[in-house]
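Analysis of the macromolecular model
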Amino acid sequence: MIYNWEYFLTLSANSQKRSPKKRPFFWAFLCFGVIVCFSENQYVIAVIYRIWRSFEIIMRDGETYPFYLIYSYLCRMNIQENIERIAAGLPEGVRLIAVSKTKPVEDIEEAYAEGQRAFGENRPQEMASKYRLLPKDIEWHMIGQLQEKNVKYIAPFVTLIHSVDSLKLLVKIDREAAKYDRIINCLLEFHIAEESTKSGLTYEQAEEIMESEEYKMLKNVRITGVMGIATYTENTEQVRQEFRQLRQIFLRLKERYFSANQEFKELSMGMSGDYRIAVEEGCTMVRIGSSIFGKRNYINIK
């Protein structure tokens, strides 16, 4: 493991601008952080990281900057290590989409520094805000349910929309893409889980879209594959069957509507808890968030 002491020293210099009364705490926790970073016990590091992560809002907004010093370094270290570990376990042909929804720009920058370029968001306004602040070679993936009224926020730059579940949404995306002379790639989202709360098409509904005259007139959208979310369950066999169902839908659509279209190739399935099963069942993209960035924090998201 490589330790970037320049990063520590920069934060150290900034922390000295705080009240002198807080300096004893700063030095105490800085020493503690150094001990942790030199520890070979990865379990200890992981536990400390989770403790610091749980107090993210307090440490960012409060005056306990020494806590945030060590917290920031541990987050930095873990995000990069998590990406390296997950990416190393993915076979050729499977892309990692780092799901950065609700996460600060700083976390995305750490992942970017590790070479990650594809990021997933579920809130259009949040994605647009991050797009303005981050490098322009990032690929932005909209993975959450998308309302027609919000397409305008992401149409100028989005790389792939994973969650198309109606013809009306496709028409709106087409209209907004035309304003920027773009063709926006989209995936059809299918309902494969047992939970009724999850959205998505049935195969019959997808057929209706494909065969409609309105769809055939669209010029600024391109269907490149399918997406689905499995049931949240510990029953791995059920998850496997749902992923197989999605793959069968993909193959049926490919054969019937896209046999001559080489761009219809994406099978987006698998998240932090089940992506290994998705890989075994033939996915081309996995959407992983908490295994990279830690648990999400919705407190600051409006």
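Analysis parameters
- Residues numbered from 1 in each chain as written.
- Predicted model: local features only at pLDDT ≥ 70, side-chain atom pairs only at ≥ 80, totals over all residues.
- Heavy atoms only, no water.
- Helix = DSSP H or I, 4+ residues; strand = E, 2+ residues; numbered from the N terminus.
- Contact = heavy atoms within 4.5 Å.
- Areas by Shrake-Rupley, 256 points an atom, 1.4 Å probe, with all protein chains shown as cover.
- pLDDT = per-residue confidence, 0-100.
- Phe/Tyr/Trp six-rings, centres within 6.5 Å; stacked < 30°, edge-to-face > 60°.
- Buried < 20%, exposed > 50% of the residue type's maximum accessible area, 1.4 Å probe, protein only.
- Pairing = 2+ DSSP bridges.
- Right-handed = clockwise from strand over helix to strand, strands pointing away.

Another point: the overall build of the chain. Within the chain, the secondary structure is distributed over 14 helices and eight strands. Within the chain, counting contacts between residues at least 6 apart in sequence, those at least 24 apart form 62% of the total. Element-wise, carbon and sulfur atoms account for 52% of the exposed surface of the chain, whose accessible area totals about 15500 Å².

Attention now moves to the confidence of the model for the chain. Put simply, the chain has an average pLDDT of 83, and 72% of its residues get 70 or more. With pLDDT under 50 throughout, residues 56–65 is counted as low confidence; its partners more than four residues away or in other chains account for 24 contacts.

With that out of the way, let us pick up the packing of aromatic side chains. The description of an aromatic ring pair rests on the distance of the ring centres and on the angle between the ring planes. Taken as a whole, this structure holds four aromatic pairs when the rule is applied. Aromatic pair F119 and W140: ring centres 6.2 Å apart, planes at 40°, arrangement tilted. Residue F119 is found in strand 2 (residues 118–121), and its partner W140 is found in strand 3 (residues 139–142); the two are separated by 21 residues along the sequence. The exposure class of F119 is buried, given its relative accessible area of 0%.

We now examine the pairing of strand 2. Burial of strand 2 is two-sided: the residues A118 and G120 facing one way and the residues F119 and E121 facing the other way are all buried. Bridge count between strand 1 (residues 95–99) and strand 2: two bridges; the pairing is parallel. In the strand pairing of strand 2, A98 is matched with F119. In terms of handedness, the path from strand 1 via helix 6 (residues 105–113) over to strand 2 forms a crossover that is right-handed.

Right, let's get into the environment of F250. With respect to the helices, strands and loops of the structure, F250 is situated in helix 12 (residues 236–257). Looking at F250, the relative accessible area reads 9%, which means it is buried. Separated by 16 residues in the primary sequence, F250 and E266 have C-alpha atoms spaced 8.6 Å apart. The residues touching F250, leaving out its near neighbours within four places in the chain, are V226, F264, K265, E266 and L267.

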